[in-house]
Amino acid sequence: MDVVRLFGVNVRHHRKLKGMTQEELAAAAEMERSYVSDLERGTRNPSVAALGRIADALGIEPHVLLLRDL
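Residue positions are given per chain, counting from 1 as you read along its sequence in written order. Side-chain atom pairs in this predicted model are given and counted only at pLDDT of 80 or more, local residue features only at pLDDT of at least 70, and totals for whole chains, interfaces and linings cover all residues. Just so you know, side-chain values use all the structure's heavy atoms and leave hydrogens and water out.

Visitor: Let's hear about helix α3 (residues 33-41): which residues, and what values?
Guide: A 1.4 Å probe rolled over the protein chains alone gives each residue an accessible area, and that area as a share of the maximum for its type sets the label: buried under 20%, exposed over 50%, partly exposed in between. Strands here are runs of E lasting at least two residues and helices are runs of H or I lasting at least four, both read from the DSSP assignment and numbered beginning at the N terminus. Of the positions making up α3, those classed as buried are Tyr-35, Val-36, Ser-37, Asp-38, Leu-39 and Glu-40. Note on contacts: a residue pair is in contact if any heavy atoms of the two residues lie within 4.5 Å. On the buried face of α3, the contacting elements are α1 (3-17), α2 (22-29) and α4 (48-58). Just past α3, the residue Gly-42 takes up positive phi, approximately 75 degrees.

Visitor: Quick one: what's the story with the nonpolar core, residue by residue and with numbers?
Guide: The nonpolar core is taken to be a set of buried Ala, Val, Leu, Ile, Met, Phe, Trp, Tyr and Cys residues, with the residues joined through side-chain atoms within 4.5 Å. Core analysis: the biggest nonpolar cluster contains 19 residues, and Leu-25, Met-31, Ile-54, Leu-58 and Leu-65 have the highest contact counts within it. Elements supplying a minimum of two residues to this core: α1, α2, α3 and α4. The greatest single-element share of this core, amounting to six residues, is contributed by α4. Once residues within four sequence positions are removed from consideration, Ile-54 is found in contact with Val-11, Leu-25, Ala-29, Met-31, Val-36, Leu-39 and Leu-65.

Visitor: Provide a residue-level description of the packing of α1 against α4, including the pertinent values.
Guide: To obtain an axis, a line is fitted to C-alpha atoms, over the contacting stretch when the element is a helix, and the angle between two such axes runs from 0 to 180 degrees between their N-to-C directions. Their axes nearest at 10 Å, the elements α1 and α4 cross at an angle of 20 degrees. Considered as vectors, α1 and α4 are oriented roughly parallel to each other. The two elements α1 and α4 cross, and the hand of that crossing is left-handed. Seen from α1, the contacting residues are Phe-7, Val-11, His-14 and Arg-15; seen from α4, they are Leu-51, Ile-54 and Leu-58. The residue makeup of the contact of α1 with α4, split by class, is five nonpolar, one polar and one charged. Orientation labels follow simple angle bins: below 35 degrees gives roughly parallel, above 145 gives roughly antiparallel, 65 to 115 gives roughly perpendicular, and whatever is left gives oblique. Note on convention: near helix rotated counterclockwise from far helix by under a right angle means a left-handed crossing. Clockwise means right-handed. Each residue is assigned to one of three groups, with Ala, Val, Leu, Ile, Met, Phe, Trp, Tyr, Cys and Pro labelled nonpolar, Asp, Glu, Lys and Arg labelled charged, and all others, Gly among them, labelled polar.

Right, here's the structure in full:
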């Protein structure tokens, strides 16, 4: 799995663990919901800044969103 797709899978996994909707995550990360959706589907290549904002919104360390085995 490429790293962009892996990131998206991990974002979705952690968002659901927190019981958050895409809208809630987007608001917490100060992003558009459609951008979060694109990230989760692996169709957008996130910047390092976006990775950090998503991680902060989920209350996790950024590197967790790049781990292969959850």
